[in-house]
Each structure stands twice: as C-alpha cells, then as structure tokens.
Amino acid sequence: FGGNKSKHAFTATAIDNDWRHVYVLKTKKIPAAGVSVEQLIRDFELFAGEIERDYGEIDYVYPDNAEQTIINSMAQSTKYRILGCYKGEIIDRIRCESLLLGGGRLFLVKGYNDDLANGLRNAVWHWNQKEQKEERLDDGTSDIDTLDAFEYSIERDITQSERKPLKGGI
C-alpha cells in the first residue's frame, strides 16, 4: 500500500512445489494519492481476476500488515484468503533475491513485470547517516513499491526457498 509519494503495487507470484523456482506472473502499480479504500479493493479484484483467469486459483494474499484497516476491508469484501505479510528485515529479502537471481531461480513473465525488473536493477543499498545504519534507498529514484509487493509475496516462503540448493547443486 502506497502513501503520499508512493504507489500501491500488486504482484502475483507462483512458487513451484519444491520451492526451487519463483515465477513472477504479473505486477501492477496504481497511484495512491486520492484513491479510496473501496477503489483500491476494486483495482485489486480486477488484478486478481486477471491472474485467476490466466493462471488459476490464488492461494493467499499478503498485503502490507501496517495497514490493518485496509486488510480488514479486503478480508470482509473479497473472496480471497488475506494474511498480513511477514515483513521481516529488508536485508533478508535482498539476500533471498540475490540467491534466486544468482541461482537462475527467479523468472519474470516477459511484458508483465517491467516495473519489477527496473526495481531490481535500480535498487540501491546505502548508509543512512542520520539513522546510522544501512538501508535501501527510498527517495523515488527506484521503484521500492513494486519491490516491496514482490518481497511480501514470497517472504513467508523465503526459508523454504533458501534451503534448496542452487541449480546444479553446490
């Protein structure tokens, strides 16, 4: 869920049965400014309907758990199983993405994931002088909203995915 300067982002992800490969089926961003909860839910249902039509049943939806009012509204007004995202440490998400990318285990459906591909290419890890810690740069220069949505979609499965050996085994 986006805020003042960010956008709402949806990501549909499939993970194969042995947690070896992650397939990003489709991502979509919509403006957050001026969008009501009802409109957000309608946009989500349209997105989810496209995914079901093209790929089959949706098992779970993992929205940003910082927005409990929106999550409650989604749970009450849609047919989907809504669970809050895990929202662990960002560095753990980045490590998982690195393992998936480096091991040839992350696949993006061409033509439906340009925002995510750009987000993965352009994300920057930097030192925050004020907070005295490393963090992912979130100043609008890269698409953190789509990255967050993708990461929330796989985060509950990260430990399973990381346990699997990389392609070819090591």
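Refer to the structure above for everything that follows.
Residues numbered from 1 in each chain as written. Predicted model: local features only at pLDDT ≥ 70, side-chain atom pairs only at ≥ 80, totals over all residues. Heavy atoms only, no water.

**Let's talk about the environment of Ser36**
Part 1 of the argument: Along the chain, Ser36 turns up in the loop between strand 2 (22–31) and helix 1 (37–55).
Part 2 of the argument: Judged by its relative accessible area of 33%, Ser36 falls in the partly exposed class.
Part 3 of the argument: The spacing of Ser36 and Asp16 is 20 residues in sequence and 35 Å in space, taken between C-alpha atoms. (Helix = DSSP H or I, 4+ residues; strand = E, 2+ residues; numbered from the N terminus. Buried < 20%, exposed > 50% of the residue type's maximum accessible area, 1.4 Å probe, protein only.)

**Points about the side chain of Thr146**
Part 1 of the argument: Along the polypeptide, Thr146 turns up in helix 5 (residues 144–154).
Part 2 of the argument: Accessibility expressed as a relative area gives 1% for Thr146, which makes it buried.
Part 3 of the argument: What Thr146 contacts, discounting residues up to four positions off in sequence, is Ala9, Thr11, Thr27, Lys29, Asp115 and Leu116. (Contact = heavy atoms within 4.5 Å.)

**Points about the sheet that holds strand 1 (residues 7–15)**
Part 1 of the argument: Spatial strand order, 1-2-3: three strands in an open sheet with mixed pairing. Of all strands in the sheet, those with a lone pairing partner are strand 1 and strand 3 (106–108), marking the two edges. Adjacent strand axes in the sheet meet at a mean angle of 30°, parallel and antiparallel pairs treated alike.
Part 2 of the argument: Across three bridges, strand 2 lies against strand 3 in parallel orientation. Bridge assignment links Tyr23 to a residue of strand 3, and that residue is Phe107. (Pairing = 2+ DSSP bridges. Axes fitted to C-alpha atoms, helices over the stretch in contact; angles between N-to-C directions.)

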